[in-house]
Amino acid sequence: MDEIAFRSASQLTRELREGQLSSRDLLELYLERIERLDGKLNAVVTVDAAAARAAADAADAARRRGQPLGPLHGLPVTVKDCIETAGLRTTAGAPELAEHVPVADAVAVARLRAAGAVLFGKTNTPAWAGDCQTYNELFGTTANPWDPSRTLGGSSGGAAAAVAAGLTGLELGSDLGGSIRHPAHFCGVYGLKPTWGIVPGRGHLPPPPGVLAELDVATVGPLARNACDLALALPVLGGPDASRAVAWTLALPPPRATSLGGYRLAARLDDPYCSVDAEVRRLLESAVAALEAAGARVDTAARPPSLAEGHDLAQRLTTAAISHALPDEEFERLSADAAGRPPEDDSPPARWARNVTQRARDLNVAVERRAQLAVAWA
């Protein structure tokens, strides 16, 4: 049975549709593995077994009646603990939200359920999903399932660990400055940060509960065991929310090519601004060689921005996106901190204080530069 826990969501949904597996049996497998293995990992911090069992039984009954529920029919899934789930505690790892039980699902969660998914748990995240590690005062630290002595990244760290350890069939995470991509890389799983605007972010914390405006740059997206699973999840999650769906729809295009030879790839393996370890560099070079051998056209010289400029621009945009979610007193403290630092101070605390309190004009300049770089890359 443990082998089943590591099957892809694509394979599992096919076996569920064909009656080779039952949703209830698959759910019980994941629950048993969490009970047996998660004590050392601390990936899944909240479980609602009773509601999940009822949903799994309903999914199995619907299949027996020949009533498909959707592309994720009966698949047990988990969700990052900063994405709201109706009737199930959602803390964002923040002590002030320790007892927060939403009355409604986030838009993305509602779409998972509408597609037939069985939600059974929430995965760990740093406080307010605001760090590149996974620790908070409520639930403690999540371990890397490959080596507990090493970090698993963040902020979707519990999400990546749950997928890597075979504790869930599919996971819903979120990403502002790397929060899906970073832990997926550290845990050896697949993650997708969709283009901003494809998947509605309403119901994500931050901003605080009840805020309707979505954060710029931040997105909700899937983590899974292979790229086909990401392709399975994205059409389920994508599209405008109800208030906008009266005016437009999303039609994701098919792949532009059927083989690697139909694509141009850019490879940037090292940079003086942030040098790469020699061992990692050799591994990246071997990956490029393998892609070229498979027919891909790889450009190792493409450099629309310098890495330093790209990093600076990313920090300006991502930091500004969360500034309004800060408490008033913290924002005022950072404003005073930024004003008191000399212009040449480029330390991380100085950059944070300046970016989180930047003027609207400076932010608009950054937004325009982003548009220019997008054109340059294209």
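Residues numbered from 1 in each chain as written. Predicted model: local features only at pLDDT ≥ 70, side-chain atom pairs only at ≥ 80, totals over all residues. Heavy atoms only, no water.

Looking at the overall build of the protein
In terms of regular secondary structure, the protein is built from 13 helices and 10 strands. Structurally, the protein occupies a C-alpha span of about 65 × 55 × 50 Å along its principal axes. The buried share among the 378 residues of the protein stands at 46%. A separation threshold of at least 6 residues defines the contact pool for the protein, and within that pool the share at least 24 residues apart is 71%. Of the roughly 18,600 Å² of accessible surface on the protein, a fraction of 57% belongs to carbon and sulfur atoms. (Helix = DSSP H or I, 4+ residues; strand = E, 2+ residues; numbered from the N terminus. Buried < 20%, exposed > 50% of the residue type's maximum accessible area, 1.4 Å probe, protein only. Contact = heavy atoms within 4.5 Å. Areas by Shrake-Rupley, 256 points an atom, 1.4 Å probe, with all protein chains shown as cover.)

Some details on a nonpolar patch on the surface
Side chains of Trp248, Leu250 and Leu252 sit close together on the surface and give an oily, nonpolar patch of about 240 Å² of accessible area. Position of leucine 250 among the secondary structure elements: in the loop between helix H8 (227-237) and strand S9 (264-266). (Patch = residues over 30% accessible without salt bridge, like charges linked within 9 Å, V, L, I, M, F, W, Y side chains within 5 Å. Salt bridge = Lys/Arg side-chain N within 4 Å of Asp/Glu carboxyl O.)

Examining the sheet that holds strand S1 (residues 44-47)
Here 6 strands make up an open sheet; going across it, the order is S1-S3-S2-S6-S8-S7 and the pairing mixed. Whereas interior strands pair on both sides, the edge strands pair on one side only; in this sheet they are S1 and strand S7 (190-191). Alignment of S7 against strand S8 (residues 219-224), held across 2 bridges, turns out to be antiparallel. Bridge pairing links glycine 191 to leucine 223 in S8. (Pairing = 2+ DSSP bridges.)

Focus on the packing of helix H11 (residues 328-339) against helix H12 (residues 348-356)
Look at H11 against H12: their axes get within 8 Å of each other, and the N-to-C directions meet at 115°. Once H11 is placed against H12, the crossing between them reads as left-handed. Every residue of H12 that contacts H11 at Phe331, Leu334, Asp337 and Ala338 is listed here: Pro349, Trp352, Ala353, Arg354 and Val356. In terms of residue class, the contact of H11 with H12 is made up of 7 nonpolar, no polar and 2 charged. (Axes fitted to C-alpha atoms, helices over the stretch in contact; angles between N-to-C directions. Left-handed = near helix turned anticlockwise from the far one by under 90°. Nonpolar A, V, L, I, M, F, W, Y, C, P; charged D, E, K, R; others polar.)

Remarks on the packing of aromatic side chains
As enumerated under the stated definition, the model contains 1 aromatic pair in all. Between tyrosine 30 and phenylalanine 120, the aromatic rings sit 6.1 Å apart at their centres with planes inclined by 5°, giving stacked as the arrangement. Of this pair, tyrosine 30 sits in helix H3 (residues 23-41) while phenylalanine 120 sits in strand S3 (residues 118-123), and the two are 90 residues apart along the sequence. Of the two residues, tyrosine 30 and phenylalanine 120, both sit in the buried class. (Phe/Tyr/Trp six-rings, centres within 6.5 Å; stacked < 30°, edge-to-face > 60°.)

Focus: the environment of glutamine 372
The topology assignment puts glutamine 372 in helix H13 (residues 360-377). Sequence spacing of glutamine 372 and proline 304 is 68 residues, and the spatial spacing of their C-alpha atoms is 9.6 Å.

Some remarks on the nonpolar core
One finds Leu75, Leu112 and Leu172 to be the most contacted residues of the largest nonpolar core, which totals 63 residues. The leading source of residues in this core is H3, at 7 residues. Here leucine 172 is in contact with Thr78, Val79, Lys80, Ile83, Ala108, Val109, Leu112, Val220, Gly221 and Leu237, once residues within four sequence places are set aside. One finds Leu176, Val217, Leu313 and Ala321 within the second-largest nonpolar core, a separate group that totals 7 residues. (Core = buried A, V, L, I, M, F, W, Y, C linked by side-chain atoms within 4.5 Å.)

Regarding helix H6 (residues 157-164)
Along H6, 8 of the 8 residues are buried, which leaves the element largely enclosed by surrounding structure. For H6, every residue scored as buried is listed here: Gly157, Gly158, Ala159, Ala160, Ala161, Ala162, Val163 and Ala164. Summarising the contacts, the buried residues of H6 are in contact with S1, S3, strand S6 (171-175), helix H7 (181-187) and S8.

Notes on the pattern of salt bridges
Under the counting rule described, the total for this entry stands at 24 salt bridges. The partner of aspartate 57 in a salt bridge is arginine 24, with the nearest N and O atoms 2.9 Å apart. A residue pair is termed long-range when its members are at least 10 positions apart, and aspartate 57 in helix H4 (residues 49-64) and arginine 24 in helix H3 qualify at 33 residues. Overall, aspartate 57 belongs to the partly exposed group, its relative accessible area being 33%.

With respect to the environment of glutamine 20
Note that glutamine 20 resides in the loop between helix H2 (9-17) and H3. At 2.3 Å, the side chain of glutamine 20 and the side chain of glutamate 18 are in polar contact. (Polar contact = N/O pair within 3.5 Å; in protein donor to acceptor, adjacent residues only side chain to side chain.)

Considering the packing of helix H10 (residues 307-321) against H12
One way to put it is that H10 packs onto H12 with a least axis distance of 8 Å and a crossing angle of 55°. On the basis of their axis angle, the class for H10 and H12 is oblique. The chirality of how H10 crosses H12 is right-handed. Residues His311, Gln315, Arg316, Thr319 and Ala320 of H10 pack against Arg351, Trp352, Asn355 and Val356 of H12. Residues of the contact of H10 with H12, tallied by class, amount to 3 nonpolar, 4 polar and 2 charged. (Parallel < 35°, antiparallel > 145°, perpendicular 65-115°, else oblique.)

Here we look at unusual backbone geometry
Here the bond from leucine 205 into proline 206 is cis, since omega is 0°, no more than 30 degrees from zero. Locating proline 206 in the fold gives a position in the loop between S7 and S8. Backbone geometry at alanine 92 places phi at a positive 55°, although glycine is not the residue there. Looking at the secondary structure, you find alanine 92 in the loop between strand S2 (76-80) and helix H5 (107-114). The phi dihedral of alanine 129 falls on the positive side, at around 50°, and the residue is not glycine. Tracing the sequence through the fold places alanine 129 in the loop between S3 and strand S4 (135-136). Exposure remark for alanine 129: the relative accessible area of 16% places this residue in the buried category.

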